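Structural characterization, general
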Amino acid sequence: MKLDVEEIKQNYPFLSLVQVGKIEQVGIIQNADLKVLSIYSLDAIPKIMLESFLQYGQTWWWESNRKIPINIFMKQDMAPFRSLIKTFATKDVELLFGPMVRLNDITEKRIKRKSIQLVRKIK
């Protein structure tokens, strides 16, 4: 499937473009960690299922916090696409644009600590 890059950015903000070697892959990144990147590539999805896949992507993008991978947020809906996931070594992948979902980002707690300094005034 060939889509214009600007059209993808405008109409499908949930899609990412990654480059693996000299090959570009467009799809939804399922998860990326230090060693492996998994992506639902649009090239692997049959044309019959493509419209429903893009609809699920829209639902995930607008109804989730975007940190949860699509396969966890929409478990039942994404089950037919499970066999279409492509996996690459992270060191070989370059993200050109789009969101990159990482399960590690969920586990990081962001605690803001307030420090109070007591100053004693001597009269």
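Structure: see above.
Because the structure is a prediction, the values reported are computed rather than measured.

1. Looking at the overall build of the protein chain
In terms of regular secondary structure, the protein chain is built from 5 helices and 5 strands. Along the protein chain, helices (α) and strands (β) appear in the sequence α-β-β-β-α-α-α-β-β-α when read from the amino end. A sequence separation of at least 24 residues applies to 65% of the contacts in the protein chain between residues at least 6 apart.

2. Focus: the sheet that holds strand 1 (residues 16-20)
Strand order across the open sheet formed by 5 strands is 4-3-2-1-5, with antiparallel pairing between neighbours. Strands with a single pairing partner mark the edges of an open sheet, and in this sheet they are strand 4 (85-89) and strand 5 (93-97). Neighbour to neighbour, the strand axes of the sheet diverge by 50° on average, direction disregarded. Where strand 1 and strand 2 (residues 23-32) come together, 5 bridges link them in antiparallel fashion. Each bridged residue has a counterpart across the sheet, and for L17 the counterpart in strand 2 is V26.

3. Quick word on the pairing of strand 2
Within strand 2, 8 of the 10 residues are buried, which leaves the element mostly enclosed by the surrounding structure. In this sheet, strand 3 (residues 36-41) lies alongside strand 2 in antiparallel orientation, the contact comprising 5 bridges. Residue N31 lies in a different strand from strand 3, and its bridge partner there is S38.

4. Comments concerning the packing of aromatic side chains
In total, this model carries 5 aromatic pairs according to the counting rule given. Taken together through their ring pairs, the aromatic side chains of Y40, F53, Y56 and F81 make up a single cluster. In this structure, R66 is placed above the aromatic ring of W61, and the distance from its NZ or CZ to the ring centre is 3.9 Å. Positioned above the aromatic ring of W62 is the side chain of R66, whose terminal nitrogen or guanidinium carbon lies 5.2 Å from the ring centre.

5. Here we look at the side chain of S38
One can find S38 in strand 3. When its relative accessible area of 13% is taken as the criterion, S38 is described as buried. Apart from residues lying up to four places away in sequence, S38 is in contact with I28, I29, Q30, N31, I85, K86 and T87.

6. As for the environment of R82
Positionally, R82 belongs in the loop between helix 4 (75-78) and strand 4. Overall, the relative accessible area of 54% leaves R82 in the exposed class. Residues R82 and Y40, 42 residues apart in the sequence, show an inter-C-alpha distance of 8.4 Å.

Procedures and definitions
- Residues numbered from 1 in each chain as written.
- Predicted model: local features only at pLDDT ≥ 70, side-chain atom pairs only at ≥ 80, totals over all residues.
- Heavy atoms only, no water.
- Helix = DSSP H or I, 4+ residues; strand = E, 2+ residues; numbered from the N terminus.
- Contact = heavy atoms within 4.5 Å.
- Pairing = 2+ DSSP bridges.
- Axes fitted to C-alpha atoms, helices over the stretch in contact; angles between N-to-C directions.
- Buried < 20%, exposed > 50% of the residue type's maximum accessible area, 1.4 Å probe, protein only.
- Phe/Tyr/Trp six-rings, centres within 6.5 Å; stacked < 30°, edge-to-face > 60°.
- Lys NZ or Arg CZ within 6 Å of the ring centre and 35° of its normal.

That is the geometry; function is a separate question.
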